[in-house]
Amino acid sequence: MAQLYPFNDPVTVESEPPVRFERGDGIRVSDTQGNTYIDAVSALWCSNLGFSPQRLTRAAAEQMQRLAYYHSFMGRTPSQSDRLADRLVARLPGMARVFYGTSGSEAVETTAKFVRYYWSARGNPGRHRIIAREGAYHGSEQMSAALTGLGYCHDGFNLPLSAVPRAGRPHYLRDAEPGESEAAFSRRRARELDDLIQREDPGTIGAFIGEPAMGAGGVILPPDGYWDAVQDVLSKHGILLIADEIISGFGRTGEWFACETYGIRPHMMTLAKQLTASVFPMSAVAMTAEVYETMKSLAHEKGIFGHGVTYGGHPVGAAVALECLDIYEEMNLPLLVGRLGKEIEKGFEPFRDRPEVLKCRRVGMLAAVEFETEA
Ligand SMILES: Cc1ncc(COP(=O)(O)O)c(C=O)c1O
């Protein structure tokens, strides 16, 4: 065993090695012992077209034979990456440009740098800090782990936490005061956000990042009026809003994007996972025309936009993502998710009235049953 496994206790896995998988068939995966499982979380919320999507593997193979790799630096780009960008901006709410990366964490790192670049371009480089929420998951590199609001992602890594003022999570069930309505709880969270911004100095804060509906932190769905109230506070202070749609994007909440489900008008969006149904490691940051034009002005002044990675806009990933978009359009994604979501709702029935169940909740096909626990 030569692997250092992510999100494991290394001592435990030395004596209890991980289950090793080697085959996929639709929603099922089989291990080396011949056991077959249904993976109800679609792996890491990402294999939304299953574990053996033939159309995607064909698209990847064809692209590999045509042009297995090319980059997007210095006046070149694979034609597929450009085609994908056009298709994405036509779908994404209010977005005008996309920038490619290879993982969700990398997309979040990129937005954090774009926030700095944007405010530098506007002559305000001090606005480099980003507000994130308790319980959020935004990835596990440097800034993305700092933005994540789960202590076990911070411990021991000496992350740049001072760059991340922390706001409360929108967890009505756990955090509301007795008798407080959902709308009142949302208004309180917005007031607390306003206080946090004043306390931390608005002149140091460039952006707020949030998952429209929190995933890895426990499927925390925003309470009534939450996003409207938060957006009012952010616009009052001129703070950018980054919607992390890495789990929620591409249909999961019953619209193409969760920003549409919750009336969120972001300045930037992060995408990964469903972008390629995870058949190829690819992510993207999308931005509004205003963010793009602002960054463009500084990049032009400097003579170059000095940011990019070798595998960004990979033609094989782009070909897979284009095929995914075709599949999503053919299946009429929002309609299908709406229908399947109702099936999940029926599946809640046997649990609802059990004493240990606090709440069953769902938006689209993002669902959870919350149990009574000490936490
Ligand atoms: C909302 C959100 N943002 C970012 C990430 C990080 O993505 P990755 O694991 O591809 O780096 C995840 C991963 O689960 C996520 O759920």
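Look up: the structure comes first, before these words.
Residues numbered from 1 in each chain as written. Predicted model: local features only at pLDDT ≥ 70, side-chain atom pairs only at ≥ 80, totals over all residues. Heavy atoms only, no water.

Peer 1: Help me get a handle on the packing of helix α8 (residues 182-200) against helix α9 (residues 226-236), residues and values and all.
Peer 2: Running from N to C, α8 and α9 cross one another at 20°; their axes reach a closest spacing of 8 Å. By the angle between their axes, α8 is roughly parallel relative to α9. At the point where α8 passes α9, the crossing takes the right-handed sense. Taking contact as the criterion, the partners of S186, R189, A190, L193, D194, I197 and Q198 in α8 are, on α9, Y226, A229, V230, V233, L234 and K236. Residue classes in the contact of α8 with α9 are distributed as 8 nonpolar, 2 polar and 3 charged. (Axes fitted to C-alpha atoms, helices over the stretch in contact; angles between N-to-C directions. Helix = DSSP H or I, 4+ residues; strand = E, 2+ residues; numbered from the N terminus. Parallel < 35°, antiparallel > 145°, perpendicular 65-115°, else oblique. Left-handed = near helix turned anticlockwise from the far one by under 90°. Contact = heavy atoms within 4.5 Å. Nonpolar A, V, L, I, M, F, W, Y, C, P; charged D, E, K, R; others polar.)

Peer 1: Which residues make up a nonpolar patch on the surface, and what values do they have?
Peer 2: Taken together, the side chains of V19, F21 and Y37 make up a nonpolar region of the molecular surface, amounting to roughly 280 Å² of accessible area. For Y37, the location among the structural elements is in strand β3 (residues 36-38). On the basis of relative accessibility, which here comes to 34%, the residue Y37 falls in the partly exposed class. (Patch = residues over 30% accessible without salt bridge, like charges linked within 9 Å, V, L, I, M, F, W, Y side chains within 5 Å. Areas by Shrake-Rupley, 256 points an atom, 1.4 Å probe, with all protein chains shown as cover. Salt bridge = Lys/Arg side-chain N within 4 Å of Asp/Glu carboxyl O. Buried < 20%, exposed > 50% of the residue type's maximum accessible area, 1.4 Å probe, protein only.)

Peer 1: Just give me the short version of the pattern of salt bridges, but keep the residues and values in it.
Peer 2: Counted under the stated rule, the structure contains 21 salt bridges. The closest approach of N and O atoms between R55 and E323, which form a salt bridge, is 2.8 Å. Residue R55 is found in helix α3 (residues 54-66), and its partner E323 is found in helix α12 (residues 315-330); the two are separated by 268 residues along the sequence. A relative accessible area of 29% means that R55 is categorised as partly exposed. Residue classification places E323 among the buried residues on the basis of a relative accessible area of 18%. In this structure, R87 engages D326 in a salt bridge whose closest nitrogen and oxygen atoms are separated by 2.9 Å. Of the two residues, R87 is situated in helix α4 (residues 79-91) and D326 in helix α12; the sequence distance between them amounts to 239 residues. With a relative accessible area of 27%, D326 lands in the partly exposed category. One connected set of salt bridges, linked through shared partners, spans R169, D175, E177, E180, R188, R189 and E192.

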